[in-house]
Each structure stands twice: as structure tokens, then as C-alpha cells.
Amino acid sequence: MAFSLRRIGEGEETRLADLFQDGSAKVRLPKVYDGSGPTAVFLNSAGGVTGGDRLSFEARFGKGTTATITTQAAERIYRRSDGVGHIDNRLIVEAGANARWLPQETIVFDGAGLRRRLDVDLVGDARLVAVESVVLGRTAMGEEVTTVELADHWRVRRDGRLVYADALRLSGDSRSILGGGATGGGARAFASILVAAPDASSWLDRSRELVSSLVGDGIEAGASAFDELLSIRCLALDGRRLRAIVEPLIETLTGWPLPRAWSI
């Protein structure tokens, strides 16, 4: 699935310019009335991902556009009989554009396998706020993830230069891997939040103040800033606690309420 946005009309509003979708990878553009700009909702009509599945999403934010990308619901990565699922996401954000990559969490079930990539190309002073969240099983239903193959890669470039690279790999028993104090402290859910913008470092103090007010009761987090980047890591004992810190952080960093899909 691929689509692009551009500014048109006297008010230079952000509108859809091009769209191509095929298979189970779809996008919907519901009406938004709060002034935050258009929201594109990605959805996988297959209902989840398992071994051998491949999904590819690409979005281009035209010069000066402002828009949010989210997902219809939490993506589910199911037990596979063979192979792994692949999800490839690519964003192209042109000069002056404000891109918000705000998918809901990815729920990984026992026996699942996933390879996921997020590649972002920023131009000039383009701004990005991005989040990726992973929940290992539904703890409210007593689910445990004892066998998993998960690889998650971020690559962010500005004007062709690599400015941010991140890689996560979980292979084996997630309870054991994340049980150590230096790995996860028993976390079953985690998230990465990134702001890539010329003013990113100016958000560090405010982010740390918010983090300090939210940690505890099974939630840990930290924030750091460097080279026009703000990075925040969050750990939690379950998905509910993870949302309790991720949601206010996103609203603070974007200056807008969460997309409606997050509360449906």
C-alpha cells in the first residue's frame, strides 16, 4: 500500500494526492474536525500476521503537509507453523512537513515470528514524531510468551544521512530474556518514542518531568536528547500500564489528542 499527501487550495490544506492499495494492506481517511490535520488509518484486513505473511506500507508527506498515520487496532502477530511475518513501513517526509507515526501497539502471541522495519527519509526541516509499542501476550487473559522470534529495526535519515538507527531482537523465551534487571526487569510491554526535529532537544526537560510523574507501579521510562533527536524508552508489566505512559507522552509531544482510533 502506498499513498502521498500534498497541500492544495487557498488554505493550503493537506489532502490526499495519490493512493495505491492491494491485498490486505488498506488505508482509510476518516474526517477529522479538531484541526490536527488529516489522519490516515492503516489496516490489515487479514486480521493479523503469521509466518510467511508480508505487508508493506509507504506514505509520502508533501512539502509543508501535516498529517497523522495510525492503525485501526492493535496489530496481532499469531503463532506460526513455519517462517516469520514481515512488515515493512516507509515514510518520506518533505521539507516543512510534520509527520506523526502513531500506530497502536503490536500484540505478539506465543510462538509468533516477526521481522519489522521502519525506514524514514526526512528532508530539510521536516519533523517526525513516531512511536512503536510491543505487548507480549495479553496478561489479563493469562497469556505467556515463552517462544518468540522478534526483530524490529528503525532507520531514520535526514537529507540522505543516517541520523538514527535502532535494532531490537528477541529470540527464545521472552520471560527469561526480559527478566533481568539490565534487560527488562520483568516487563511484558515496551515502547520507543522518537522526535526528529530541529527543536527536539527543547522537549527533553518537559518529557522528563512527565516521565517522572508517571513511572512506578510497574512502569519504567527514560528520555535523552542528541543531534536534533529526542528518544524515550518505556517498559511496563502489561499493555494497560504501557498505554498509561505512552498516551500522555504522545499528546504532549504532538500537541494534539490521540487519533480517535485509539479509543474505539
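Overview of the structure. (Residues numbered from 1 in each chain as written. Predicted model: local features only at pLDDT ≥ 70, side-chain atom pairs only at ≥ 80, totals over all residues. Heavy atoms only, no water.)

Turning our eyes to something else, we now look at the packing of helix α2 (residues 204-214) against helix α3 (residues 239-254). Interhelical geometry of α2 versus α3 gives an angle of 155° and a closest axis separation of 10 Å. By the angle class used here, α2 and α3 are roughly antiparallel. In the packing of α2 onto α3, the handedness of the crossing is right-handed. For the pair formed by α2 and α3, the contact residues are Arg206, Ser207, Leu210, Val211 and Leu214 on the first element and Ala244, Ile245, Pro248, Leu249, Thr252 and Leu253 on the second. (Axes fitted to C-alpha atoms, helices over the stretch in contact; angles between N-to-C directions. Helix = DSSP H or I, 4+ residues; strand = E, 2+ residues; numbered from the N terminus. Parallel < 35°, antiparallel > 145°, perpendicular 65-115°, else oblique. Left-handed = near helix turned anticlockwise from the far one by under 90°. Contact = heavy atoms within 4.5 Å.)

Counting 44 residues, the largest nonpolar core has Phe3, Phe61, Ile69, Leu91, Val93 and Leu128 as its most contacted members. Look past the residues within four positions of Val93 in its chain and what remains in contact with it is Phe61, Ala99, Val120, Asp121, Leu122, Val123, Ala126 and Arg127. Residues Val131, Ala197, Trp203 and Ala223 belong to the second largest nonpolar core, which totals 31 residues. (Core = buried A, V, L, I, M, F, W, Y, C linked by side-chain atoms within 4.5 Å. Buried < 20%, exposed > 50% of the residue type's maximum accessible area, 1.4 Å probe, protein only.)

When you tally the buried positions in strand β15 (residues 189-196), you get 8 out of 8 residues, the bulk of the element. Neither face of β15 is left uncovered, since the one carrying Ala189, Ala191, Ile193 and Val195 and the one carrying Phe190, Ser192, Leu194 and Ala196 both have all their residues buried. Alignment of strand β12 (residues 127-136) against β15, held across 8 bridges, turns out to be antiparallel. Residue Val131 lies in a different strand from β15, and its bridge partner there is Ile193. Alignment of β15 against strand β17 (residues 229-236), held across 8 bridges, turns out to be antiparallel. Of the residues in β17, the one forming a bridge with Val195 is Leu230. (Pairing = 2+ DSSP bridges.)

The next point concerns the environment of Arg175. One can find Arg175 in helix α1 (residues 174-177). For Arg175 and Ala74, which are 101 residues apart along the polypeptide, the C-alpha to C-alpha distance reads 21 Å. If sequence neighbours within four positions are ignored, Arg175 has contacts with Glu144, Val145, Thr146 and Arg188.

Next up on the list: the side chain of Thr65. By the element assignment, Thr65 lies in the loop between β5 (54-61) and β6 (66-71). A distance of 2.7 Å separates a polar side-chain atom of Thr65 from the backbone oxygen of Gly62. Residues contacting Thr65, with those up to four places away along its chain left out, are Leu5, Arg6, Arg7, Thr14, Gly96, Ala97 and Asn98. (Polar contact = N/O pair within 3.5 Å; in protein donor to acceptor, adjacent residues only side chain to side chain.)

With that out of the way, let us pick up the pairing of β12. Among the 10 residues of β12, 10 are classified as buried, and the element is accordingly described as predominantly covered. The two faces of β12 match: Arg127, Val129, Val131, Ser133 and Val135 on one face and Leu128, Ala130, Glu132, Val134 and Leu136 on the other face are all buried. With 4 bridges joining them, strand β9 (residues 98-101) and β12 adopt parallel strand pairing. Pairing of Ala99 across the sheet is with Leu128, part of β12.

So, on to unusual backbone geometry. Here the phi dihedral of Asp227 falls at roughly 45°; this positive angle occurs in a residue that is not glycine. Secondary-structure assignment places Asp227 in the loop between β16 (219-226) and β17. For Asp227, a relative accessible area of 70% puts it in the exposed group. Unusually for a residue other than glycine, Glu228 sits at a positive phi of about 65°.

Let us now look at α2. Looking at α2, one finds that the buried residues are Leu204, Ser207, Leu210 and Val211. An end-on view of α2 places all buried positions within 130° of arc, on one side of the element. What points out from α2, more than 90 degrees from its buried face, is the exposed set Asp205, Arg206, Glu209, Ser212 and Ser213. (Arc of directions from axis to C-beta.)

With that settled, consider α3. An α-helical segment advances 3.6 residues per turn. Residues three or four places apart therefore align on the same side. Under the 1.5 Å per step criterion, the end-to-end length of α3 is 22 Å for 16 residues, consistent within 8% with the ideal 22 Å. Looking only at α3, the buried set comprises Gly239, Arg241, Leu242, Arg243, Ile245, Val246, Leu249, Ile250, Thr252, Leu253 and Thr254. Where α3 is buried, its residues touch β9, β12, β15, α2, β16 and β17. Capping of α3 at its N-terminal end is provided by Asp238; its side-chain oxygen lies 3.2 Å from the backbone amide nitrogen of Arg240. Trailing α3 by a residue or two, Gly255 shows a phi angle of about 80°, which is positive. (Expected span 1.5 Å × (residues − 1).)

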